[in-house]
Each structure stands twice: as structure tokens, then as C-alpha cells.
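Fold and contact review
If you want the building blocks of each chain, they are given just below.
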Amino acid sequence: HQIIIASDRLGLELNNVAEELGVRLGDHKKILVDDSMLTSLPGVYAVGSITGELRGNTFSQEGGKIAAENAMGKKRQLNREWVPQIARLIPDVAYVGCNMETAGRQGFHPVEGVFESEFSVGEKLAPSPVRERCKIVADKRTRLIVGVQIISNPASDWITMLLLLIKKGVTVANLANVTYPEGSGINCLCEAARHCLRALKAP
């Protein structure tokens, strides 16, 4: 019946309200929630930094969607691997989906393809060449892409689109055979997909 939104500065104040309501709190007064964003108080959900999730606003956004849908009677859970993560560095680091370790735990038979190259970003930002690295993780049985990790300047631009492609069932061959214009920045991903395709074909 009510949605309370607190900015970063009001988070502790909101946690005090939660404590008064009888919501169970953890260390540093963070509100404890399960994967459906439900607190210990039935019908009360919490998302964002007040739950101790300090990974960025993408977790808050996805948690908010899940909490809202669950409050309306659906049964959804947050799968942290399917929330794109970006670290704004030189170059950017971004990942979504499974890595080789977590893919096996989710029932996939993981195979990876990795491609690395060097590029210069200018003496002021980085005096020596920066390594660009892309990794594609796929399921050997279905040949579907189940995870992507990127260290590259356009990583933050590509990661959300890659999540959409993964959800739509893009195969390694689909990405490996993409025709791309020179300088588009996707060549690293396509090369990683080609390496993954070779690994899939290996006995």
C-alpha cells in the first residue's frame, strides 16, 4: 500500500523506521532480505543500499522491479549473475551472466573463448598500452552464450545489449559471424566468440 524511497543520505533514517516496525536487521543496521527482496516482515520489501547491496544502481533497479512484482502477487527472485555490472576504469570492466565456475553450478557445460589485444589510450590517461580482453562463456550442449566478461573502452556501452542477446538465445556462431564496421569496438567480442566456437568444436 505504500512505497518509501530514501536517498543515500536518508538510508540510516529509513533503517531506524524499519527497526521500529520490527524488521530484522543485520550488521550496521542493514535490512535483511531474501532473493525475492522480502524482509522478515510479511508483505514488506526492501531494495538498494539499505539492504547492504553496494554494487551500483543496477542492483537497486532490478531489485525494485522484483519487489514490485512480488508485492503484486508474483513469485520472482533476484539472480545476481543476470544483472550487468560495470566498473568505470581505464578501460571499463563489465560482465553479465555466468563465468566458468558459476555456469557449472547452474547446470551448464561451460566452454570459454578469450581474445586479448593491446591499444593506446594516450599518454595522459595511461602511459603504456592497455590490454583489451573479452571472454565469452557458452553451454557446450546448446551452444548458447551464457556469460560475457569485457575489459574494453566500449564495455559499458555493450553489456546491457549483450544481456538482451543472451536472454534472446544468441548462439556463439551468431556472434562469431557478425559483420562489423572497422572501429566499432565489437571486434574483440566477435574474436572471443570465434575462439569459443573453436573450443565448442574441439573433441
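Everything below is about the structure printed above this text.
The structure contained in this document is the topic of the report that follows. (Residues numbered from 1 in each chain as written. Predicted model: local features only at pLDDT ≥ 70, side-chain atom pairs only at ≥ 80, totals over all residues. Heavy atoms only, no water.)

Regarding the overall build of the protein
A count of helical and extended segments in the protein gives six helices and five strands. Secondary structure elements of the protein occur, N-terminal to C-terminal, as α-α-β-β-α-β-β-β-α-α-α. Relative to its full complement of 203 residues, the protein shows a buried share of 37%. Taken as a whole, the protein presents about 12,400 Å² of accessible surface, with 53% of it coming from carbon and sulfur. (Helix = DSSP H or I, 4+ residues; strand = E, 2+ residues; numbered from the N terminus. Buried < 20%, exposed > 50% of the residue type's maximum accessible area, 1.4 Å probe, protein only. Areas by Shrake-Rupley, 256 points an atom, 1.4 Å probe, with all protein chains shown as cover.)

Notes on helix α4 (residues 155-167)
An ideal rise of 1.5 Å per residue puts 18 Å on 13 residues; α4 measures up with 18 Å between its terminal C-alpha atoms. Looking at α4, one finds that the buried residues are Ala 155, Ser 156, Ile 159, Leu 162, Leu 163 and Ile 166. Turning to α4, the residues buried within the fold contact β1 (85-87), β2 (93-97), β5 (145-151) and α6 (187-201). Downstream of α4 by one or two residues, Gly 169 has phi in the positive range, about 85°. (Expected span 1.5 Å × (residues − 1). Contact = heavy atoms within 4.5 Å.)

Observations regarding empty space enclosed by the protein
Which parts of space are left empty comes out when a probe the size of a water molecule is rolled across the atoms. Across all of its chains, the model carries one cavity of 30 Å³ or more by this definition. As a volume, the largest cavity reaches approximately 40 Å³. Around the largest cavity sit Ile 145, Val 148, Leu 162, Leu 165, Ile 166, Val 170 and Leu 175, which together line it. If you list the elements that add at least two residues to the lining of the largest cavity, you get β5 and α4. (1 Å grid on protein atoms, 1.4 Å probe; cavity = no way out; pocket = protein on both sides within 12 Å on 5 of 7 lines; lining within 4 Å. Points joined across faces, edges and corners; volume = space filled by probe spheres on them.)

Remarks on the layout of surface pockets
Taken as a whole, the second largest pocket holds about 270 Å³ of empty space. For the lining of the second largest pocket, the per-class residue count stands at six nonpolar, three polar and three charged. (Nonpolar A, V, L, I, M, F, W, Y, C, P; charged D, E, K, R; others polar.)

Some points on the side chain of Glu 132
Following the sequence through the fold, Glu 132 ends up in strand β4 (residues 130-139). For Glu 132, a relative accessible area of 10% corresponds to the buried category. Within the local environment of Glu 132, its side chain forms a polar contact with the side chain of Ser 152, the two groups lying 2.6 Å apart. (Polar contact = N/O pair within 3.5 Å; in protein donor to acceptor, adjacent residues only side chain to side chain.)

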